[in-house]
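Now for the letters of each chain:
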Amino acid sequence: MKKYLLTLCAGLALLLSSCDDNDGYSLGDLAVDWVTVHDQGDKLYTYTGDTWGSMWPAASGIFSPGLEDGQRAILYFNPLADNFSGYDVAIKPEYIRPFLTKQVEELTEENEADYADDPTYFEEAWIAAGYLHIRFLQKLPEEKLHRVSLVHRAGEPVVASDGYIHLEYRYNTYGDTLQMTAPALVCYRLQSLPLEEAKGIKVRVNDARKGVHEVVFDPSDEQQRDAKELEEISATEVQ
């Protein structure tokens, strides 16, 4: 409660001072950005935007329980003031759309059946802010959440002889699919990989339309995706 009261007081003070024309923002402004969530404890979250940089929630219009530290999301917010208390911008969050965010996992002979290799309707993928984002078209499940995984084969060198990190995108429908489809998105943390030692990343994909093929990424060539272009993505029914 103390943290919330302090945040509220700081937000009120900021709102009063942000009326100055020099700030360049008003309470009617609305921005959107890809962000990484940072859990500060006591259900207080700060954000790092791909475009806006570090964000402090000086005031809030949303309640966001269940967010995870390091989770990727699209955040709609009202910018209030630049260079606020060590952050690039103070904001009033208005709406957040979090996405499933996972680690790269180890694939072994013992767990390979759990990851399966069902065909996926792969749409596109890109690297930004140290995460690999994969957008796909999902045949919705009737009962069981589908499982999407990015794996590295155990026993193989992380950086292969060709200089690339070889990963596999695995999809498990558990045999439970409907004909209804929806666009979906999953994000994978790449921080555990020695990207600085590799030429890039090669991801094997079992695509329902193109068959098995590799998608090649250069980690140094991070790409921006306009958050507004992905507003149609629904809540992803995967784990």
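The rules behind these values
- Residues numbered from 1 in each chain as written.
- Predicted model: local features only at pLDDT ≥ 70, side-chain atom pairs only at ≥ 80, totals over all residues.
- Heavy atoms only, no water.
- Pairing = 2+ DSSP bridges.
- Helix = DSSP H or I, 4+ residues; strand = E, 2+ residues; numbered from the N terminus.
- Axes fitted to C-alpha atoms, helices over the stretch in contact; angles between N-to-C directions.
- Salt bridge = Lys/Arg side-chain N within 4 Å of Asp/Glu carboxyl O.
- Buried < 20%, exposed > 50% of the residue type's maximum accessible area, 1.4 Å probe, protein only.
- pLDDT = per-residue confidence, 0-100.
- Contact = heavy atoms within 4.5 Å.

Here we take up the sheet that holds strand β14 (residues 211-217). Sheet architecture is open: five strands sit in the order β7-β10-β11-β13-β14, paired in mixed fashion. Here the strands that pair on one side only, and so sit at the sheet edges, are β7 (105-107) and β14. Along the sheet, successive strands turn relative to each other by an average axial angle of 35 degrees, direction set aside. Where strand β10 (residues 147-153) and strand β11 (residues 164-172) come together, five bridges link them in antiparallel fashion. Within β11, the residue paired with S149 across the bridge is R170.

Note that A125 resides in strand β8 (residues 121-128). Along the sequence, A125 and C187 sit 62 residues apart, while their C-alpha atoms lie 9.5 Å from each other.

Counting across every chain of the model gives twelve salt bridges. We note a salt bridge from E112 to R170, for which the minimum N-O separation is 2.9 Å. Remark: R170 occurs in strand β11 and E112 occurs in helix α2 (residues 112-115); sequence separation between them is 58 residues. Look at R170 and you get buried, because its relative accessible area is 3%. Across the pair D117 and R204 runs a salt bridge, and its minimum N-O distance is 2.8 Å. Here D117, found in the loop between α2 and β8, pairs with R204, found in strand β13 (residues 200-207); they are 87 residues apart in sequence, far enough to count as distant. Look at D117 and you get partly exposed, because its relative accessible area is 24%.

Now for the sheet that holds strand β5 (residues 87-98). Hydrogen bonds between backbone atoms are what pair the strands of a sheet, whose relative direction is either parallel or antiparallel. Strand order around the closed barrel formed by five strands is β1-β2-β3-β5-β4, with mixed pairing between neighbours. Each adjacent strand pair in this sheet contributes to an overall mean axis angle of 55 degrees, direction not counted. Pairing of strand β1 (residues 31-39) with strand β4 (residues 72-84), which is carried by six bridges, proceeds in the antiparallel orientation. Within β4, the residue paired with V32 across the bridge is Y76.

In this section: the confidence of the model for the chain. Per-chain confidence: the chain averages 88 in pLDDT, with 88% of residues scoring 70 or above. Note that pLDDT drops below 50 for residues 1-12; the model gives that stretch twelve contacts with residues more than four away or on any other chain. Across residues 18-22, where pLDDT falls below 50, the model places three contacts with residues more than four positions away in sequence or in other chains.

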